[in-house]
Amino acid sequence: MKYIHKVIFFDGLQAGGQTVLMYFSETGIFIQQTEEWDAGRPVLFFPFSDCTLQMVSGNAHVLLNRKGTQYMTLSADSSWFPELQTRLNRLNRNVFAKLFQLNVLVLVVLAIALLAGAYLGFTRLIPIAGLRLITPEYEMKLGEQFQKTFISGEEIDPVKTKQLQSFATSLKLSKTYPIQITVVKNTELNAFALPGGHIVVYSGIIHAMKDADEMVALLGHESAHVNGRHSLRAVLRSAATGILISVVLNDVSGILAVVIDNASMLHSLSYSRSMEEAADENGMQTMVQNEINPVGMKKLMLHFKSAEAEMPGTYSFLSSHPDTDSRIKHADQFAATHKNSSFAAKPVLDSLWLQLKH
Amino acid sequence: MEYNKYIISFRGNGLDYFKIQLINIILTAITLGLYYPWAKARSLNYLYGQTVFEDQPFVFSGTGTEMFKGFIKAFALLGLFYASLIVCILNKAEVAGILLFYGCLLLVMPLSIHGSYRYRFAKTTWSGIRFGYTGNKWAFVRLFIKGVFLSILTLGIYSPWFLMDMRRYLICNIRIGNARFAYKGVGSEYFLLMIKGYFLTALTLGIYYFWWQKELFAYYVENMRLTKNDETMLFRVNATGGDFVGLIFVNLLLFIFTLGLATPWIVVRSLHFIMQHITMDGTIEFDLLRQEQPDYSDATGEDMSDFFDFGFVI
């Protein structure tokens, strides 16, 4: 019979292959372990649904069961092989097989598009969900923990902390969160907000400031981060990114690491540009509400821009934000709208400021 | 008995493997990570299937579905650990919580390695003959805990002995049909190899590193045996330190200049390199290898070892 072919068959009992006779129908493969086909002898039947094709450099290995114990090998050059291949593939057309037939460039584009989409969706959804789940009360507790961890490695200035706290308390900075100030002895020009109302100010920044309105601008800016829950947002966004990367790289253990890492990296976390712009804007509104001339924000920025030029790298307040000039411009525009408003003198605030400076 | 030289080679190519990884990424992203076990099955399937020994390829018959079940179990177990740790911390029993956590971890690590070996080898066949892992779960747990404690007590000095004991136990329990693997590396030799490697690498400003890697590779490979009754097969390494310079250096450059995109090619290159530089000879008649290892399908260990990053063991 011309439809009967010789192949090498591995029976799953012993390793060596044996030459057998084989033919295939619409439904599967028939094998008889003889040299010449004998209708009276037993025939093994393997349905196509159990078979898989494994191609290795020009040789076809047809696995006859799902366990890989029985298979047959044949040369892919055989004239009848394409027909067998079509029948084998017809039953194994899953998503993976379909995608595998696509051009590699198409796959690259598809993967990039999906990843970009997933990235954008994920990094927006996770923060939204997280912000809803985490209450301000819990955020305050969290901030307490972060503050403790942070100050354990720093030297606190208790006198200045108390003075700056009175300064901050005399202002209206936040409706939801109690603003708690910690002054750290450090010459760096830096200040940052933690979730739940803690603001850490380096003594270097107090030393470098001239007027009270600059401090109001700084506190206004940092409390805007607190009120806008910016650090929480940034943590959630960075966690979302990390989780996504882990998923993509098939690195499950990474997911746990990301969650743990982020908690400790909080104060070095950078806010996004839109968060900074919002903090500037809201900070200046806070200044106006407190009847302080918002021009203080511009003074603060200009002041530290020149300080930064003298001592590059020591001014973290601006250094994480590349386009300082556009922020200064914005502060200038905001101040200009209040040019004609009159701001009363603030004797209490000024005296608190003088105490702080000396 | 006839003396033979055996040939092993890797026939895979970077482009195919790249495509597989791309599809895995696409499907994993669409399913929010749930495709992970199937993705892993695909990769293993390809890498095993393209490895050819004596003209016959290896077959990895593990499936995503099996590994998915393992994935769920592993995830639940891990959740339980973290939950108990958090409960302890909330109840101000930090010390108890941490002890419990590390205790569990010390138990889970060897159990996952054991599970991973059992599953991985039960699912690997060559020429229709199944591999198998016959190690005893609790014997390995004892070996592991003893090794960890002695390593901690001796500030790490014991760790070469621990690593070799572990390797010996694992490899000596691998079977293919009615043939068994053996490993005869010992801690003292490995310790000297490590000391020599550290010092010479430091003295030569890192140049010796490649020759060190070659020695370690040779120590792993050349101490292996495969025996079947009175027939044996020996493993030898024919790579030089210079070959390792080529492998590691080019891999590094490929990785850096493609920002990691060339990883599939790096994997394929490395496998080519390994197979090309191992030679085997001996008297085993592979045609007469008999099916003897049982069928086994629980993949929990396979996935536990992923969670804890135990890839280094295999």
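Residues numbered from 1 in each chain as written. Chains lettered and ligands numbered in written order. Predicted model: local features only at pLDDT ≥ 70, side-chain atom pairs only at ≥ 80, totals over all residues.

## Section: the overall build of chain A
Part 1 of the reasoning: What chain A contains, in helices and strands, is 14 helices and ten strands.
Part 2 of the reasoning: In chain A, which comprises 358 residues, the proportion classed as buried is 34%.
Part 3 of the reasoning: In chain A, of all internal contacts separated by at least 6 residues, the share reaching a separation of at least 24 is 59%. (Helix = DSSP H or I, 4+ residues; strand = E, 2+ residues; numbered from the N terminus. Buried ≥ 20, exposed ≤ 12 C-beta atoms within 10 Å, placed from the backbone. Contact = placed C-beta atoms within 7 Å.)

## Side note on the overall build of chain B
Part 1 of the reasoning: Tallying secondary structure elements over chain B gives eleven helices and eleven strands in all.
Part 2 of the reasoning: Sequence separation of 24 or more characterises 68% of the internal contacts of chain B that already satisfy a separation of 6 or more.

## Comments concerning the sheet that holds strand β7 (residues 174-176) of chain B
All names here are of chain B.
Part 1 of the reasoning: Read across the open sheet, the eleven strands follow the order β1-β11-β10-β9-β8-β7-β6-β5-β4-β3-β2; overall the sheet is antiparallel. Since the sheet does not close on itself, it has two edges, and those belong to β1 (4-6) and β2 (8-10), each with one partner. Strand after strand, the sheet turns through a mean of 25 degrees between neighbouring axes, direction not considered.
Part 2 of the reasoning: Alignment of strand β8 (residues 179-183) against strand β9 (residues 224-228), held across four bridges, turns out to be antiparallel. Each residue of the ladder has a partner; that of Ala182, found in β9, is Arg225. (Pairing = 2+ DSSP bridges. Axes fitted to C-alpha atoms, helices over the stretch in contact; angles between N-to-C directions.)

## Thoughts on the sheet that holds strand β3 (residues 28-32) of chain A
Residue and element names in this part refer to chain A.
Part 1 of the reasoning: Strand order in this open sheet of seven strands is β4-β3-β2-β1-β7-β6-β5, and the pairing throughout is antiparallel. Each edge of the open sheet is held by one strand with a lone partner, namely β4 (44-47) and β5 (52-56). When the angles between neighbouring strand axes are averaged without regard to direction, this sheet yields 35 degrees.
Part 2 of the reasoning: Looking at chain direction, β5 and strand β6 (residues 59-63) are connected through five bridges and run antiparallel. The residue of β6 that forms the bridge with Met55 is Ala60.

## Focus: the environment of Gly197(B)
Residues and elements named next belong to chain B.
Part 1 of the reasoning: Structurally, Gly197 is set in helix α7 (residues 187-203).
Part 2 of the reasoning: Judged by C-beta crowding, with 17 C-beta atoms within 10 Å, Gly197 ranks as partly exposed.
Part 3 of the reasoning: For the pair formed by Gly197 and Tyr208, sequence separation is eleven residues and the distance between their alpha carbons is 7.4 Å.

## Focus: the interface of chain A and chain B
Part 1 of the reasoning: If you look at the interface, chain A gives 35 residues, while chain B gives 40 residues.
Part 2 of the reasoning: Looking at the side of chain A that touches chain B element by element, the count peaks at eight residues for helix α3 (residues 104-133) of chain A.
Part 3 of the reasoning: Among the residues making up the side of chain A that touches chain B, the classes are represented as 21 nonpolar, eleven polar and three charged. (Nonpolar A, V, L, I, M, F, W, Y, C, P; charged D, E, K, R; others polar.)

## Considerations on helix α5 (residues 137-153) of chain B
Part 1 of the reasoning: Helix length check: α5(B), at 17 residues, gives a terminal C-alpha distance of 24 Å against a target of 24 Å (1.5 Å per residue), a fit within 8%.
Part 2 of the reasoning: Trailing α5(B) by a residue or two, Leu155(B) shows a phi angle of about 55 degrees, which is positive. (Expected span 1.5 Å × (residues − 1).)

## Digging into the nonpolar core
All names here are of chain A.
Part 1 of the reasoning: The biggest cluster of nonpolar side chains holds 55 residues, and the ones touching the most others in it are Ile29, Cys51, Val62, Leu64 and Met72.
Part 2 of the reasoning: Those residues in contact with Leu64, other than ones at most four positions away along the chain, are Ile29, Phe46, Asp50, Cys51, Gln70, Tyr71 and Met72.
Part 3 of the reasoning: In this structure, Leu173, Ile206, Val216 and Trp353 belong to the second largest nonpolar core, which totals 42 residues. (Core = buried A, V, L, I, M, F, W, Y, C linked by C-beta atoms within 7 Å.)

## Brief notes about the packing of α3(A) against helix α1 (residues 14-30) of chain B
Part 1 of the reasoning: Following both chains from N to C, one finds α3(A) and α1(B) inclined at 30 degrees, their axes separated by 9 Å at the closest point. Taken as axis vectors, α3(A) and α1(B) run roughly parallel relative to one another. Between α3(A) and α1(B) the crossing geometry is left-handed. From α3(A), Val104(A), Leu107(A), Val108(A), Leu110(A), Ala111(A), Leu114(A), Leu115(A) and Ala118(A) reach across to α1(B), where they touch Leu15(B), Phe18(B), Lys19(B), Leu22(B), Ile23(B), Ile25(B), Ile26(B), Ala29(B) and Ile30(B). (Parallel < 35°, antiparallel > 145°, perpendicular 65-115°, else oblique. Left-handed = near helix turned anticlockwise from the far one by under 90°.)

## Quick word on the packing of helix α2 (residues 36-49) of chain B against helix α3 (residues 64-90) of chain B
Residue and element names in this part refer to chain B.
Part 1 of the reasoning: Interaxial distance between α2 and α3 falls to 8 Å at its minimum, and their mutual angle equals 135 degrees. Relative to α3, the element α2 lies oblique. Here α2 runs over α3; the crossing is right-handed. Together, Tyr36, Pro37, Trp38, Lys40 and Ala41 of α2 and Gly64, Met67, Phe68 and Phe71 of α3 make up the contact between the two elements.

## Regarding the confidence of the model for chain A
Part 1 of the reasoning: With 87% of its residues at a pLDDT of 70 or more, chain A shows a mean pLDDT of 82.
Part 2 of the reasoning: With pLDDT under 50 throughout, residues 312-316 of chain A is counted as low confidence; its partners more than four residues away or in other chains account for nine contacts. (pLDDT = per-residue confidence, 0-100.)

## Quick notes on the pairing of β8(B)
Residue and element names in this part refer to chain B.
Part 1 of the reasoning: In this sheet, β8 lies alongside β7 in antiparallel orientation, the contact comprising two bridges. Considered in β8, the bridge of Arg175 is made with Arg180.
Part 2 of the reasoning: Hairpin connection, β7 to β8: the antiparallel pair is bridged by two residues, and Gly177 has positive phi, about 55 degrees.

## Brief notes about the pairing of β6(A)
The side chains of a regular strand alternate between both faces of the sheet.
Residues and elements named next belong to chain A.
Part 1 of the reasoning: Taking burial as the measure, the five residues of β6 include four buried ones, the bulk of the element.
Part 2 of the reasoning: Hairpin connection of β5 to β6: two residues between the antiparallel strands, including Ser57 at a positive phi of 25 degrees.
Part 3 of the reasoning: Strand direction decides the pairing type here: β6 and strand β7 (residues 71-75), joined by five bridges, are antiparallel. What sits directly across from His61, in β7, is Thr73.

## Here's the deal with unusual backbone geometry
All names here are of chain B.
Part 1 of the reasoning: At Ser127, a position not held by glycine, the phi torsion is positive, near 55 degrees.
Part 2 of the reasoning: The residue Leu155 is not glycine, and still its phi comes out positive at about 55 degrees.
Part 3 of the reasoning: Positionally, Leu155 belongs in the loop between α5 and α6 (159-172).

## Focus on the environment of Asp332(A)
All names here are of chain A.
Part 1 of the reasoning: Structurally, Asp332 is set in helix α13 (residues 324-337).
Part 2 of the reasoning: Given 15 C-beta atoms within a 10 Å radius, Asp332 is considered partly exposed.
Part 3 of the reasoning: For the pair formed by Asp332 and Lys298, sequence separation is 34 residues and the distance between their alpha carbons is 6.1 Å.

## So, the environment of Ile176(B)
Residues and elements named next belong to chain B.
Part 1 of the reasoning: Locating Ile176 in the fold gives a position in strand β7.
Part 2 of the reasoning: When the 24 C-beta atoms within 10 Å are taken as the criterion, Ile176 is described as buried.
Part 3 of the reasoning: Along the sequence, Ile176 and Gly132 sit 44 residues apart, while their C-alpha atoms lie 6.2 Å from each other.

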